[in-house]
Amino acid sequence: MKNEPEKKSEVELPDGKPEHPEQKNAVPGQEPESAGATISGLEQALAGKDSEIGALHKSLDEVKGTTLELAERLSLAVSAYREMVVRANPAVLAEMITGDSIEGINESLKNARAIMEKARREIEADAARAKVPAGAPQRVQPDMSALSAHEKIQFGLGK
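Treat the numbers as computed from the prediction; the structure is a model and nothing was measured. (Residues numbered from 1 in each chain as written. Predicted model: local features only at pLDDT ≥ 70, side-chain atom pairs only at ≥ 80, totals over all residues. Heavy atoms only, no water.)

Draft legend 1. Spatial organisation of the overall build of the protein. What the protein contains, in helices and strands, is 3 helices and 2 strands. Per-residue burial over the protein gives 8% buried out of 159 residues. Of all intrachain contacts in the protein linking residues separated by at least 6 positions in sequence, the fraction that spans at least 24 positions is 16%. Of the roughly 14100 Å² that the protein leaves accessible, carbon and sulfur atoms contribute 59%. (Helix = DSSP H or I, 4+ residues; strand = E, 2+ residues; numbered from the N terminus. Buried < 20%, exposed > 50% of the residue type's maximum accessible area, 1.4 Å probe, protein only. Contact = heavy atoms within 4.5 Å. Areas by Shrake-Rupley, 256 points an atom, 1.4 Å probe, with all protein chains shown as cover.)

Draft legend 2. Spotlight on the pattern of salt bridges. Counted by the stated rule, this structure contains 6 salt bridges. A salt bridge links Glu-124 to Arg-120; its shortest N-O distance comes to 2.7 Å. Placement of both Glu-124 and Arg-120 in helix H2 (residues 102-129) is noted, with a separation of 4 residues, approximately one turn of the helix. The class of Glu-124 is partly exposed, set by a relative accessible area of 44%. Classification of Arg-120 as partly exposed rests on a relative accessible area of 37%. Across the pair Asp-126 and Arg-129 runs a salt bridge whose closest N-O atoms are separated by 2.5 Å. (Salt bridge = Lys/Arg side-chain N within 4 Å of Asp/Glu carboxyl O.)

Draft legend 3. Examining the nonpolar core more closely. The biggest cluster of nonpolar side chains holds 8 residues, and these are Val-78, Val-85, Val-86, Val-92, Ile-97, Ile-105, Leu-109 and Ala-112. Those elements that provide at least two residues to this core are helix H1 (32-88) and H2. Not counting the four nearest positions on each side in its chain, Ile-105 is found in contact with Val-78, Tyr-81, Arg-82, Val-85, Ile-97, Thr-98 and Gly-99. (Core = buried A, V, L, I, M, F, W, Y, C linked by side-chain atoms within 4.5 Å.)

Draft legend 4. The arrangement of the environment of Asp-100 in detail. Mapped onto the secondary structure, Asp-100 falls in the loop between H1 and H2. Between the C-alpha atoms of Asp-100 and Val-78, which are 22 residues apart in sequence, the distance is 6.9 Å.

Draft legend 5. Structural context of the environment of Met-116. Here Met-116 shows up in helix H2. Distance in space between the C-alpha atoms of Met-116 and Leu-93 is 8.7 Å, their sequence separation being 23 residues. Once residues within four sequence positions are removed from consideration, Met-116 is found in contact with Ala-91, Val-92 and Met-96.

Draft legend 6. Expanded view of H2. Here H2 is 28 residues long and its end C-alpha atoms lie 41 Å apart, about the 40 Å a rise of 1.5 Å per residue gives. Among the residues making up H2, those that are buried are Ile-105, Ser-108, Leu-109 and Ala-112. (Expected span 1.5 Å × (residues − 1).)

Draft legend 7. Quick look at the confidence of the model for the protein. This prediction gives the protein a mean pLDDT of 82; 79% of its residues lie at or above 70. Taken together, the stretch residues 5-9 has pLDDT below 50 and engages in 3 contacts with residues farther than four places along the chain or on a different chain. (pLDDT = per-residue confidence, 0-100.)

Draft legend 8. Seen up close, the side chain of Asn-89. As for its placement among the helices and strands, Asn-89 is situated in the loop between H1 and H2. Looking at Asn-89, its side chain comes within polar contact range of the main-chain oxygen of Val-85, at 2.8 Å. A polar contact is formed between the side chain of Asn-89 and the side chain of Arg-113, at a distance of 2.5 Å. For Asn-89, the residues in contact, after removing those within four places along its chain, are Leu-109 and Arg-113. (Polar contact = N/O pair within 3.5 Å; in protein donor to acceptor, adjacent residues only side chain to side chain.)

Draft legend 9. Summary view of the side chain of Ser-108. Looking at the secondary structure, you find Ser-108 in helix H2. Not counting residues within four places of it along the chain, the set of residues in contact with Ser-108 comprises Met-96, Ile-97 and Thr-98.

Structure below.
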């Protein structure tokens, strides 16, 4: 466990030669000194990649910040556009103009205009059906042809 000294094990290769764990990454036929140079070269490459990854992370954070700022500006621009559309269309209820984008606002304005036009046509149709002529009604004599003689006499006496 923790108190036991580490054992260095040797693995036997197919050709019968023992392999030391330190030599696993060594290139066959290469001296240990040149293997150390290869390792240091790989470590330098790794350090270069680590610094490149760090730079990319920093760049990504900057892009995220810029994206958030642009999203806020877009939201403000869309709100200002909605207000402008509401002022330009006083016949349309402001509550009917909604959307999170310019296209959404334009679509809701189109739908609101269609609803308002439909409501206007329905109101005009109702008004035309309930049309009352202006002024006093014309004086016409009541039609007495359907009344019996007794009813005619009562009408004449004013009862």
